[in-house]
Structure formats: C-alpha cells, structure tokens
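Reading the structure
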Amino acid sequence: MTDQSRVLLVEGENDRAFLEALCVKLDINARVRVAPPKEVGGCHNSKQGVLNHLKNVMLPQLRDGQLTSLGIVVDADSPPNGGVGETIALVERIVQMEGYSAPTSEVGGLIFPHKDGLPDFGLWVMPDNMRNGMLEDLVSDAVSADEQELFHHARTVVDSLPEPRRFKPLHQSKAHVATWMAWQRSPGHGLYRAMEDDLLDLQAPGMVKLTAWMRHLFA
C-alpha cells in the first residue's frame, strides 16, 4: 500500500502516470503517493491548481504532521505565462511564508530546508529547473540510444509541417514526443509507456538529477 503521508503533487494525470512509472523503476512506488490536486482535495488539475493547493492545504498539512514528505512537479512553461525563473520565485514566496529557507540544488532538483526542522520541501520545475519547457522536453532529452533514429525522424516530420501549424510553438516538443510515441508498438498510450517500455535512458543527465531529487525526498 502506498504511504499516504508522502505526496508528490503534480499538474495532471499524464504527469502522474509518468512519475508513478518512474517510481516503480526506482522501487520507491510504495513510499510516495503521486497525485494531481483533484485527487487530494484540490479544485483544479493544473499548474495553478498545484500552487493553490500547496499554499492552502499541503504546506499546513506538512506543518501539522499529516504529511511527512512533500514535493511538487510543475512545468516551467514559457513567458509571458510562466518561465522557469518566475515559477521558482513564485514557489519560493509561497513556502517562505511557512518558514522555509532559500532552496539548494545539491541533489539535482530544488530542496527547501525549514528553519525549525520540519521536513524538507522539494520543487522540480520541468524540464530541468533551468530551462523553460515541460515534461516532454525532459523526455526528448532522455530518448534511449535505440530510439534515437526513430525520434529524429519524428522531429523531422513535425518540423517540416507547412505553416500555419495548428499547435503553438511552445508545444513543439509535445508534438515531437506524441508523434514518436504514435509510432511505437502500442500507439495511443501516454508518456508512462515510454518509461514502462524502456524507451528512455535513465542515465541521461536530466533523468539522473530527477531520480536523485526523488530519492532524497522519498527513498
């Protein structure tokens, strides 16, 4: 049974399924509940939904002991409606009100220590806490060697589409990854299948940092 007191809060179902599959690979799936806001009493599954639930519910639960470990994973997105720097600064303002200090990044992701010894709070901003983007950018960087040729072809096809394209430029990586996944043995599945089917290299730099961060919080 999953430990309900140790929560990794994510934006939506696609993120939940992917990170649950990663937890299985890391053998920490029984030690962490990966959940979007609506699954733990929040109003909306979204980046803003994560931040609202963090501020109003999850941090108070960490303070009073209902939770023993807490981390969030959100997309950086891109300006003007986001960006990695703006996202980190926004989360930092929220957690500082609960007594958390400035974050360190020694384990790959961001770790906020508490001034009075409460459990560390963790933040991971997709794709790597340094660039604008989203989960699909992390996946793009971690495609396994055996899949590189097919993924390169998928990117070429997407990048060769005539203008005007129906998707926004900031969703280019989503189109790359979705096209690549559509050419797998079982098309139509979410990104969790890339993890389950060993299509990703867990030794890619971004994945190494993400797994180190998750182990710090939940292992």
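Scroll up for the structure.
Let me sum up the structure you'll find in this document. (Residues numbered from 1 in each chain as written. Predicted model: local features only at pLDDT ≥ 70, side-chain atom pairs only at ≥ 80, totals over all residues. Heavy atoms only, no water.)

Remarks on the side chain of Arg16
Positionally, Arg16 belongs in helix 1 (residues 13-26). Residue Arg16 is classed as buried on the basis of its relative accessible area of 19%. Every residue in contact with Arg16, bar those within four places of it in the chain, is listed here: Val10, Val34, Ala35, Pro36 and Glu39. (Helix = DSSP H or I, 4+ residues; strand = E, 2+ residues; numbered from the N terminus. Buried < 20%, exposed > 50% of the residue type's maximum accessible area, 1.4 Å probe, protein only. Contact = heavy atoms within 4.5 Å.)

What about the packing of helix 1 against helix 8 (residues 205-218)?
One can describe the packing of helix 1 onto helix 8 by two numbers: an axis separation of 11 Å at closest approach and a directional angle of 80°. Between helix 1 and helix 8, the interaxial angle falls into the category roughly perpendicular. In this structure, helix 1 contributes Leu19, Leu22, Cys23 and Leu26 to the contact, and helix 8 contributes Met207, Leu210, Thr211, Met214 and Arg215. (Axes fitted to C-alpha atoms, helices over the stretch in contact; angles between N-to-C directions. Parallel < 35°, antiparallel > 145°, perpendicular 65-115°, else oblique.)

Side note on unusual backbone geometry
Put simply, Pro79 and Pro80 share a cis peptide bond, and its omega is 5°. Structurally, Pro80 is set in the loop between strand 3 (69-75) and helix 3 (84-96). Despite not being glycine, Asp27 shows a phi value in the positive range, around 60°. With respect to the helices and strands, Asp27 occurs in the loop between helix 1 and strand 2 (33-35). A residue is classified by how much of its surface remains accessible, and Asp27, at 56% relative accessible area, is exposed. Despite not being glycine, Asp77 shows a phi value in the positive range, around 60°.

What about the pattern of salt bridges?
Inspection of the entire model under this criterion finds eleven salt bridges. Between Arg165 and Glu163 there is a salt bridge; the shortest N-O distance is 3.7 Å. Exposure remark for Arg165: the relative accessible area of 23% places this residue in the partly exposed category. Among the charged side chains, a salt-bridge network with shared partners connects Glu13, Arg16 and Glu20. (Salt bridge = Lys/Arg side-chain N within 4 Å of Asp/Glu carboxyl O.)

Some words on the nonpolar core
Core analysis: the largest hydrophobic core is formed by 37 residues, its most contacted members being Leu8, Leu19, Trp180, Leu210, Trp213 and Met214. Among the secondary structure elements, those contributing two or more residues to this core are strand 1 (6-10), helix 1, strand 5 (121-126), helix 4 (135-141), helix 5 (148-159), helix 6 (172-182), helix 7 (192-196) and helix 8. In this view, Trp213 contacts Leu8, Ile72, Val73, Val107, Gly109, Leu110, Ile111, Gly122, Leu123 and Trp124; residues no more than four positions away in its chain are not counted. One finds Leu62, Leu67, Ile94 and Val125 within the second-largest nonpolar core, a separate group that totals 26 residues. (Core = buried A, V, L, I, M, F, W, Y, C linked by side-chain atoms within 4.5 Å.)

Re the sheet that holds strand 3
The five strands lie next to each other as 2-1-3-5-4, forming an open sheet whose pairing is mixed. The sheet is open, and its two edges are formed by strand 2 and strand 4 (110-112), each paired on a single side. The sheet shows a mean angle of 20° between the axes of neighbouring strands, taken without regard to direction. When strand 1 meets strand 3, the two strands line up parallel, connected through five bridges. Looking at strand 3, one finds that Leu8 is bridged to Gly71. Strands in contact with helix 2 (residues 47-64) are strand 1, strand 3 and strand 5; relative to strand 3, the strand with the most contacts, it is inclined by about 170°. Those strands touched by helix 8 are strand 1, strand 3, strand 4 and strand 5, and its axis lies near 160° from that of strand 5. (Pairing = 2+ DSSP bridges.)

Fair warning: the whole summary comes from geometry, so function is off the table for now.
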